[in-house]
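# An overview of the molecular structure
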Amino acid sequence: RVGENVTDNIKTIQSIPLRLKRDETIVVEGEVFMPKSQFERVNKEQEQKGESLFANARNIVAGTIRQLDPRIVASRNLSTFIYDVSFSEKPLPETQFEELEYLESLGFKVNTHRELCGNIDKAIAFWKKWEKKKEKEDYLIDGVVIKLDDRDAQEILGYTGKAPRWGIACKFQAEQVTTKVLDITLQIGRTGVLTPVAVLQPV
């Protein structure tokens, strides 16, 4: 009813089951991503065609999902991780960990790198471990999400405008590199305001 209908495009993503393993009426949440290996492949194809390279995988995914031709979407080999049930006709599992197992049992792709941590020290240790291991995966990782496991406690804490109060994204230290300012240009906004824009050497 609101937004764009991308169903035909999503159906081309192999990790999305076209039919669940059991009949359920369910609404799930997750994210679509492009594996690093596919990002490199797509940019090589762009280079061979003499076309400009994509800056990052996130931009490609956003544009790909909105393509009018599902064959283009299929050719980009996108993937998904599903991580939450936002509606189900049946009672949901009592814990977050069991919910992820439930999603897997229905045929959804769920990230296997999850751990039930009994205290905050174990959660911090998990975050530190993945800060070192993140480059080994075929997808970009910028942090770890820590969620309260108990569903009743989640319901009590509730949500802010956009995010759950029972979950927090613990980001890794941002990657830093040095570049050069190649030029400063002026852009004219719709109200006539001039804004200086730095042109940076890509890194």
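For the structure, check the block above.
Quantities reported herein were computed from a predicted structural model and do not represent experimental measurements.

Here we come to the nonpolar core. Ile 13, Ile 16, Met 34, Phe 39, Val 42, Ala 57, Ile 60, Val 61, Ile 65, Val 73 and Leu 78 form the largest nonpolar core, which has 11 residues in total. Of all the secondary structure elements, the ones that give two or more residues to this core are helix H2 (36-48) and helix H3 (57-65). Per element, the largest residue contribution to this core is four residues, and it comes from H3. Among residues more than four places away in sequence, those in contact with Phe 39 are Met 34, Phe 54, Ala 55, Asn 56, Ala 57 and Ile 60. Counting nine residues, the second-largest nonpolar core is a separate cluster that includes Ile 82, Leu 100, Tyr 102 and Leu 106.

With that settled, the discussion passes to the pairing of strand E6 (residues 194-200). In the sheet, strand E5 (residues 181-188) pairs with E6 via seven bridges, with the strands oriented antiparallel. Looking at E6, one finds that Ile 188 is bridged to Leu 194.

With respect to the helices, strands and loops of the structure, Leu 116 is situated in the loop between helix H5 (96-105) and helix H6 (120-133). For the pair formed by Leu 116 and Gln 96, sequence separation is 20 residues and the distance between their alpha carbons is 9.4 Å. Apart from the residues lying within four places of it in its own chain, the contact partners of Leu 116 are Phe 97 and Asp 149.

A turn of α-helix holds 3.6 residues, and therefore any two residues three or four places apart point the same way. By the burial criterion, the buried members of H5 are Gln 96, Glu 99, Leu 100, Tyr 102 and Leu 103. Projected onto a plane normal to the axis of H5, the buried residues spread over an arc of 155° and lie on a single side. In this structure, the buried side of H5 is in contact with strand E1 (26-33), strand E2 (79-88), strand E3 (143-147) and helix H7 (151-157).

Cut-off values and rules
Residues numbered from 1 in each chain as written. Predicted model: local features only at pLDDT ≥ 70, side-chain atom pairs only at ≥ 80, totals over all residues. Heavy atoms only, no water. Core = buried A, V, L, I, M, F, W, Y, C linked by side-chain atoms within 4.5 Å. Buried < 20%, exposed > 50% of the residue type's maximum accessible area, 1.4 Å probe, protein only. Helix = DSSP H or I, 4+ residues; strand = E, 2+ residues; numbered from the N terminus. Contact = heavy atoms within 4.5 Å. Pairing = 2+ DSSP bridges. Arc of directions from axis to C-beta.

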